[in-house]
Amino acid sequence: FFVFILLVTFTTLNLLVGVLVNVVAVVANGEKEKLQISVLRAELLKIVKAVDNNEDFEISKEEFDKFLVQPELLKNLQEAGVDCVELVDILHYTFDINDNNIP
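Residues numbered from 1 in each chain as written. Predicted model: local features only at pLDDT ≥ 70, side-chain atom pairs only at ≥ 80, totals over all residues. Heavy atoms only, no water.

A.B. asks: Tell me about the packing of aromatic side chains, and please be specific about residues and values.
C.D. replies: Counted by the stated rule, this structure contains 1 aromatic pair. For the ring pair Phe 1 and Phe 2, a centre distance of 6.1 Å and an interplane angle of 65 degrees mean the geometry is edge-to-face. The exposure class assigned to Phe 2 is exposed, which follows from its relative accessible area of 70%. (Phe/Tyr/Trp six-rings, centres within 6.5 Å; stacked < 30°, edge-to-face > 60°. Buried < 20%, exposed > 50% of the residue type's maximum accessible area, 1.4 Å probe, protein only.)

A.B. asks: So what's going on with the nonpolar core? Which residues, and what values?
C.D. replies: One recurring pattern in soluble globular proteins is that nonpolar side chains are buried together. Within the largest apolar cluster, 11 residues are counted, these being Leu 40, Ile 47, Val 51, Ile 59, Phe 64, Phe 67, Leu 68, Leu 73, Leu 77, Cys 84 and Leu 91. Mapped onto this core, the elements with two or more residues apiece are helix H1 (2–51), helix H2 (61–68) and helix H3 (71–79). The contacts of Leu 40, once residues within four sequence positions are left out, are Asn 76, Leu 77 and Ala 80. (Core = buried A, V, L, I, M, F, W, Y, C linked by side-chain atoms within 4.5 Å. Helix = DSSP H or I, 4+ residues; strand = E, 2+ residues; numbered from the N terminus. Contact = heavy atoms within 4.5 Å.)

A.B. asks: How would you sum up the pattern of salt bridges? Please name residues and give values.
C.D. replies: The tally for this structure, following the rule as stated, stands at 3 salt bridges. With a closest N to O distance of 3.5 Å, Glu 43 and Lys 46 form a salt bridge. Here Lys 46 and Glu 43 lie together in helix H1, a separation of 3 residues that amounts to about one turn. (Salt bridge = Lys/Arg side-chain N within 4 Å of Asp/Glu carboxyl O.)

A.B. asks: Explain the packing of H1 against H2 to me, and be specific about the residues and the numbers.
C.D. replies: Following both chains from N to C, one finds H1 and H2 inclined at 130 degrees, their axes separated by 9 Å at the closest point. One element, H1, and the other, H2, form an angle in the oblique class. The handedness of the crossing between H1 and H2 comes out as right-handed. Within the contact between the two elements, H1 uses Leu 44, Ile 47, Val 48 and Val 51 and H2 uses Glu 63, Lys 66 and Phe 67. (Axes fitted to C-alpha atoms, helices over the stretch in contact; angles between N-to-C directions. Parallel < 35°, antiparallel > 145°, perpendicular 65-115°, else oblique. Left-handed = near helix turned anticlockwise from the far one by under 90°.)

Here's what the structure looks like:
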């Protein structure tokens, strides 16, 4: 009987440790993703400010073309899982036909 109680206790403890490790892993992945988004946002804003020639905080198609050839941008976008080739392919959908700018 005591062996059964000991076995059940260790099994339950092992189960609880497994659940705790799983929860910690999920939280750590969420925090890592938030950090990656924050770093990517900071890099994008830095590059946008550098290529925004007229400083109107809108990106024209010409400025966007300059934006896409920045090596650190391409590296950061690829690390974030963005398909840069597809981004260029859908470029004409992102700009308004009338003013050719993205606010």
